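Topology and contacts: notes
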Amino acid sequence: MLTQTIDILMKARRAQRANKSHIFLEMISKVEIGARNYVAREVGLNLAEGPLGIILAVMRDREIWSDEEINNFRLLMKLRNSLVHENLKTLSDEQLLVALSQLQRLNSRIPGPRIPGQAQSRSVATS
């Protein structure tokens, strides 16, 4: 009975950690897709479908992300790859908080789509 209880608790703890890792994987995918969408809008679809290095170069050239932020994103991608390919099973609570904080910052720096006529409507309202 005690062995079964310990086994159930251990499985629950692994499941909780896996859920935390899942949150990280969803967020890093969101940031990568956001960067690719930005590149598609601003530079062209062909480049946006290319290697991640090209995406990061555009983000640097357009001054969306700094060199430090690009290096952080590369490290986060390595962490993602370790999780996906099972070199690393889970993230600690501290790793998760730091990673999510960095990803939220990177995501907030990606400009959204421009709305046609938005700048024009402002100038009409002020004249």
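As a convention, each chain's residues are numbered from 1 in the sequence order in which they are written. Only residues with pLDDT of at least 70 get local features here, since the model is predicted, and only at 80 or more are side-chain atom pairs given and counted; chain-wide, interface and lining totals rely on the full set of residues. In computing side-chain properties, one takes all heavy atoms of the structure into account and sets aside hydrogens as well as water.

**Here's the deal with the overall build of the protein chain**
- Helix and strand counts for the protein chain stand at six helices and zero strands.
- Every helix listed is a DSSP run of H or I at least four residues long, and every strand listed is a run of E at least two residues long, numbered separately from the N terminus. Of the regular secondary structure in the protein chain, the N- to C-terminal order runs α-α-α-α-α-α.
- Exposed residues in this analysis have more than 50% of their type's maximum accessible area, buried residues have under 20%, and partly exposed residues fall in between, with area computed by a 1.4 Å probe over protein chains only. Among the 127 residues that make up the protein chain, the fraction classed as buried is 25%.
- In what follows, a contact means two residues having at least one pair of non-hydrogen atoms within 4.5 Å. Counting only contacts in the protein chain whose residues sit at least 6 apart along the sequence, the fraction spanning at least 24 positions is 64%.
- Total accessible area on the protein chain stands at roughly 8,900 Å², and carbon and sulfur atoms take up 54% of it. Reported accessibility uses the Shrake-Rupley method at a 1.4 Å probe radius. Residues are deemed covered only where the shown protein chains occlude them.

**A few points about the environment of glutamate 32**
- Turning to its location among the elements, glutamate 32 is positioned in helix H1 (residues 2-42).
- If sequence neighbours within four positions are ignored, glutamate 32 has contacts with Leu52, Phe73 and Met77.

**A short note on helix H4 (residues 67-84)**
- Between the first and last residue of a helix there are one fewer steps than residues, each counted as 1.5 Å, and that sum is the expected span. Over its 18 residues, H4 runs 26 Å from end to end, which matches the ideal 26 Å to within 8%, given 1.5 Å per residue.
- Glu69, Ile70, Phe73, Leu76, Met77, Leu79 and Leu83 are the residues of H4 that are buried.
- Of the residues trailing H4, glutamate 86 is marked for its positive phi of about 65°.

**Regarding the pattern of salt bridges**
- Put simply, a salt bridge is a Lys or Arg side-chain nitrogen that is within 4 Å of an Asp or Glu carboxyl oxygen. This structure, assessed with the given rule, holds five salt bridges.
- The partner of glutamate 32 in a salt bridge is arginine 36, with the nearest N and O atoms 3.1 Å apart. Of this pair, glutamate 32 and arginine 36 both sit in helix H1, four residues apart, roughly one helical turn.
- Here the salt bridges share partners, and the residues they tie into one network are Glu69, Arg105 and Arg109.

**Observations regarding the environment of leucine 56**
- Among the secondary structure elements, leucine 56 is positioned in helix H3 (residues 52-61).
- The exposure class of leucine 56 is buried, given its relative accessible area of 1%.
- As for leucine 56 and serine 66, which are separated by ten residues in sequence, their C-alpha atoms are 9.9 Å apart.
- Excluding its chain neighbours within four sequence positions, the residues that come into contact with leucine 56 are Trp65, Ile70, Phe73 and Arg74.

Read these as layout, nothing more, since geometry by itself doesn't imply function.
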